[in-house]
Amino acid sequence: MNEIERRRTFAIISHPDAGKTTLTEKFLLFGGQIQVAGAVKNNKIRKTATSDWMDIEKQRGISVSTSVMEFDYLPAGQEGEPYKVNILDTPGHQDFCEDTYRTLTAVDSAIIVVDSAKGVEAQTRKLMEVCRMRNTPVIIFINKMDREGRDPFDVLDELEEELKIKVRPLSWPIGQGVRFKGVYNIYEHQLNLFTPNKQRVTEKVEVDIQSSELDERVGEREAAQLREELELVDGVYPEFEEETYRSAEVAPVFFGSALNNFGVQELLDCFVHIAPSPRPTQAEERLVKPEEPKFSGFIFKITANIDPNHRSCIAFCKICSGKFVRNQPYYHVRLDKNVRFSSPTQFMAQRKSTIDEAYPGDIVGLPDNGIFKIGDTLTEGEKMHFRGLPSFSPLLFKYIENDDPMKSKQFQKGLEQLMNEGVAQLFVNQFNGRRIVGTVGQLQFEVIQYRLENEYNAKCRWEPVHLHKACWIEADDEKELENFKKRKYQYMAKDIEGRDVFLADSGYVLSMAQQDFEHIKFHFTSEF
């Protein structure tokens, strides 16, 4: 139980460029995992961000894939065992949103990063909907306070309106942009003064709000404004209660600047106190509690080529209950057989170390030689299935062709591994046997092409195909299904699992098919 209590597993989510990866980097700095923080885009600092380890991420300055990092952390002045923090830094770009949605099934809470000048953006709204569906508690970090932005009260109103959640500030900014002096930490009743420094941490002072010391520290005008605004905050927003945050009704809000290391430690100290330890997970058969003695877990992500020197795949397994022990045989439900793992690993982005045991809330990397698919369940013999790992119907389609006939083996292998990773979806047209790749965004085509060339030494070329929608079909009546497949022969395809997919080339064709064949069910996500 001690081990479960000290676990904190969370995802950092936001719109692109709000500062997720920079915030992750600063968390690692406080956790003592790195000595100098790298930068996502900076000419002076040569070190790139720890969590962006793929080449394509370093070139573009964006995150393409979720990375997993873990460290121990004990807030200053606190005694006892440190908390064990598992961070998942997710891509913000909407072309990779499937990766982020899947990651949210594996965490107990989330931190949403919002840019103080831009406020809530489209992608942030979508991610919040996913959190709301799963009742995931969120903390909001309003970043970039050292730049000119909007009035804090306006930003808070927008958060409530756009994200449909009540907010409660736990720290408050003193000025912003050029006049930014620091923040007052409402949660700990401390004043934190701002000195811009990307590599070091800022000083903290305990000050009584009504005392004259405050005037000396920040100036009379700012002090008067701060007192006034804090009164307003206490008047407008209810007292902060942990219960309302954990039941996902209220989101605590912090202000700061991740790039300049400011307000990050306050966020982390408060987070490890109030965030939930691992929660029960809903399986199809029953609710699985973390304190159950028997092990269970599910695969929510697969990554090919974490180490380019070894062509290895790693499956990320989120532990839901019991204790995972190295070299123990565990039951693989879909394959109906026992498997054992001699080298399970824990992650620090790309660096990994072998572990002997892991507990609920932990994320373990299992070496995968082709036995795993996203959504697989591992148990100690019980047949159960964890749900909630959807693949959505793709929006863009292209034919993929091998561009170098001498490298067809590498091309096959690369394509298969990248598709198992869930980067995109592959359909094989039954009429002409050609492969069609479906994605959510244009950028994914570039990532596939880049990774095939650089990781598998295979070249591909894209050819246009005109399609409107891919839908999975099923029917109780075998005859009608056969009839449908015959009539729509040239639009039928199979997905990786070998399931039937109907590729409609226009909305009209799709609605006519739905009218003509009433007994066939058309599904737009792969989970049915």
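Predicted model only: the values in this text are computed from it and were never measured. (Residues numbered from 1 in each chain as written. Predicted model: local features only at pLDDT ≥ 70, side-chain atom pairs only at ≥ 80, totals over all residues. Heavy atoms only, no water.)

J.: Explain the overall build of the chain to me, please; I cannot follow it from the model alone.
T.: A count of helical and extended segments in the chain gives 14 helices and 31 strands. Within the chain, the fraction of its 528 residues that count as buried is 57%. Per element, the accessible surface of the chain, about 23,100 Å² overall, is 46% carbon and sulfur. (Helix = DSSP H or I, 4+ residues; strand = E, 2+ residues; numbered from the N terminus. Buried < 20%, exposed > 50% of the residue type's maximum accessible area, 1.4 Å probe, protein only. Areas by Shrake-Rupley, 256 points an atom, 1.4 Å probe, with all protein chains shown as cover.)

J.: Whenever I open this one, the pairing of strand 4 (residues 109-115) confuses me. Can you help?
T.: A large share of strand 4 lies buried, amounting to seven of its seven residues. Pairing of strand 1 (residues 7-14) with strand 4, which is carried by five bridges, proceeds in the parallel orientation. The residue of strand 4 that forms the bridge with Ile12 is Ile111. Examined bridge by bridge, strand 4 and strand 5 (residues 138-143) share six bridges and lie parallel to one another. Each bridged residue has a counterpart across the sheet, and for Ile112 the counterpart in strand 5 is Ile140. One crossover worth recording links strand 4 to the parallel strand 5 by way of helix 5 (residues 122-133), and it is right-handed. (Pairing = 2+ DSSP bridges. Right-handed = clockwise from strand over helix to strand, strands pointing away.)

J.: How do you make sense of unusual backbone geometry when you look at a structure like this?
T.: Across the chain, the bulk of peptide bonds are trans and the bulk of non-glycine residues have phi less than zero. With a phi close to 50 degrees, Lys164 is a non-glycine residue in the positive phi region. Relative to the elements of secondary structure, Lys164 occurs in the loop between helix 6 (152-163) and strand 6 (166-169). Classification of Lys164 as exposed rests on a relative accessible area of 61%. Of note in this structure, Asn327 is not a glycine but carries a positive phi near 70 degrees. Residue classification places Asn327 among the partly exposed positions, given a relative accessible area of 38%.

J.: Help me understand a negative patch on the surface in this model?
T.: On the surface, Asp151, Asp154, Asp157 and Glu161 cluster together into a negatively charged patch. Mapping Asp151 onto the fold places it in the loop between strand 5 and helix 6. Take Asp151: its relative accessible area is 34%, and that puts it in the partly exposed class. (Patch = residues over 30% accessible without salt bridge, like charges linked within 9 Å, V, L, I, M, F, W, Y side chains within 5 Å. Salt bridge = Lys/Arg side-chain N within 4 Å of Asp/Glu carboxyl O. Lys, Arg positive; Asp, Glu negative; His and termini not counted. Charge placed at Lys NZ, Arg CZ, Asp CG, Glu CD.)

J.: Mind showing me how you'd approach the packing of aromatic side chains here?
T.: Aromatic ring pairs are reported here in terms of the distance separating the ring centres and the angle at which the planes meet. The full count for this structure, using the stated rule, is 15 aromatic pairs. With a centroid separation of 6.3 Å and 50 degrees between ring planes, the pair formed by Phe300 and Phe316 is classed as tilted. Here Phe300, found in strand 14 (residues 296-304), pairs with Phe316, found in strand 15 (residues 313-321); they are 16 residues apart in sequence, far enough to count as distant. We classify Phe316 as buried; its relative accessible area is 3%. (Phe/Tyr/Trp six-rings, centres within 6.5 Å; stacked < 30°, edge-to-face > 60°.)

J.: Got a minute to help me understand helix 11 (residues 408-420) in this structure?
T.: A turn of α-helix holds 3.6 residues, and therefore any two residues three or four places apart point the same way. Between the first and last C-alpha of helix 11 there are 18 Å, a value that for 13 residues agrees with the 18 Å anticipated at 1.5 Å per step. For helix 11, the set of buried residues is Phe411, Gly414, Leu415, Gln417, Leu418 and Met419. (Expected span 1.5 Å × (residues − 1).)

J.: Which parts of the structure should I look at to understand the nonpolar core?
T.: In globular proteins that are soluble, nonpolar side chains generally tend to be buried together. The biggest cluster of nonpolar side chains holds 56 residues, and the ones touching the most others in it are Ile140, Ile142, Leu156, Leu159 and Trp172. A per-element tally of this core places helix 6 first, with five residues. Split by domain, this core shows at least three residues from each of two domains, domain 1 (3-275) and domain 2 (282-379). What Leu156 contacts, discounting residues up to four positions off in sequence, is Ile142, Val167, Pro169, Trp172, Tyr237, Val253 and Phe255. (Core = buried A, V, L, I, M, F, W, Y, C linked by side-chain atoms within 4.5 Å. Domains from an automatic or database assignment. Contact = heavy atoms within 4.5 Å.)

J.: Looking at this structure, how should I read the packing of helix 11 against helix 12 (residues 442-456)?
T.: When two helices pack together, their arrangement is given by the angle between the helix axes and by the axis-to-axis distance. It is at 10 Å that the axes of helix 11 and helix 12 come closest, and there the two elements cross at 125 degrees. Between helix 11 and helix 12, the angle is such that the two are oblique. When you trace helix 11 past helix 12, the crossing you get is right-handed. For the pair formed by helix 11 and helix 12, the contact residues are Gln410, Phe411, Gly414, Leu415, Gln417, Leu418 and Met419 on the first element and Ile448, Arg451, Leu452 and Tyr456 on the second. Here the residues of the contact of helix 11 with helix 12 sort into seven nonpolar, three polar and one charged. (Axes fitted to C-alpha atoms, helices over the stretch in contact; angles between N-to-C directions. Parallel < 35°, antiparallel > 145°, perpendicular 65-115°, else oblique. Left-handed = near helix turned anticlockwise from the far one by under 90°. Nonpolar A, V, L, I, M, F, W, Y, C, P; charged D, E, K, R; others polar.)

J.: Looking at this structure, I do not really get the pattern of salt bridges. What am I missing?
T.: Should the charged atoms of two oppositely charged side chains come close, the side chains can pair. Scanning all chains against the criterion turns up 23 salt bridges. Measuring nitrogen to oxygen at the nearest pair gives 3.1 Å for the salt bridge that ties Lys485 to Asp500. Of this pair, Lys485 sits in helix 13 (residues 478-487) while Asp500 sits in strand 30 (residues 500-504), and the two are 15 residues apart along the sequence. Using a relative accessible area of 12% as the deciding quantity, one classes Asp500 as buried.

J.: Got a minute to help me understand the pairing of strand 18 (residues 337-340) in this structure?
T.: The side chains of a regular strand alternate, first on one face of the sheet and then on the other. Both strand 17 (residues 329-332) and strand 18 contribute to a ladder of four bridges, which runs antiparallel. Counted as the bridge partner of Pro329 is Arg340 from strand 18. Here strand 17 hands over to strand 18 after four residues, with Asp336 in that stretch at a positive phi of 55 degrees.

J.: Whenever I open this one, the sheet that holds strand 28 (residues 469-475) confuses me. Can you help?
T.: Paired through backbone hydrogen bonds, the strands of a sheet run either parallel or antiparallel to each other. Strand order in the open sheet formed by eight strands is 27-24-26-25-29-30-28-31, with antiparallel pairing between adjacent strands. Of all strands in the sheet, those with a lone pairing partner are strand 27 (460-464) and strand 31 (520-523), marking the two edges. Neighbour-to-neighbour, the strand axes of this sheet turn through a mean angle of 40 degrees, independent of strand direction. Along the sheet, helix 11 contacts strand 24 (396-402), strand 25 (425-429), strand 26 (435-439) and strand 27; its crossing angle with strand 24, the most-contacted strand, is approximately 150 degrees. The strands touched by helix 12 are strand 24, strand 26 and strand 27; relative to strand 24, the strand with the most contacts, the crossing angle is about 15 degrees.

J.: What's the story with the environment of Thr124 in this structure? I'm lost.
T.: Looking at the secondary structure, you find Thr124 in helix 5. In sequence terms Thr124 and Val114 are 10 residues apart; their C-alpha atoms lie 8.1 Å from each other. If near-sequence neighbours (up to four positions away) are discounted, Thr124 is found in contact with His15, Ile112 and Leu163.

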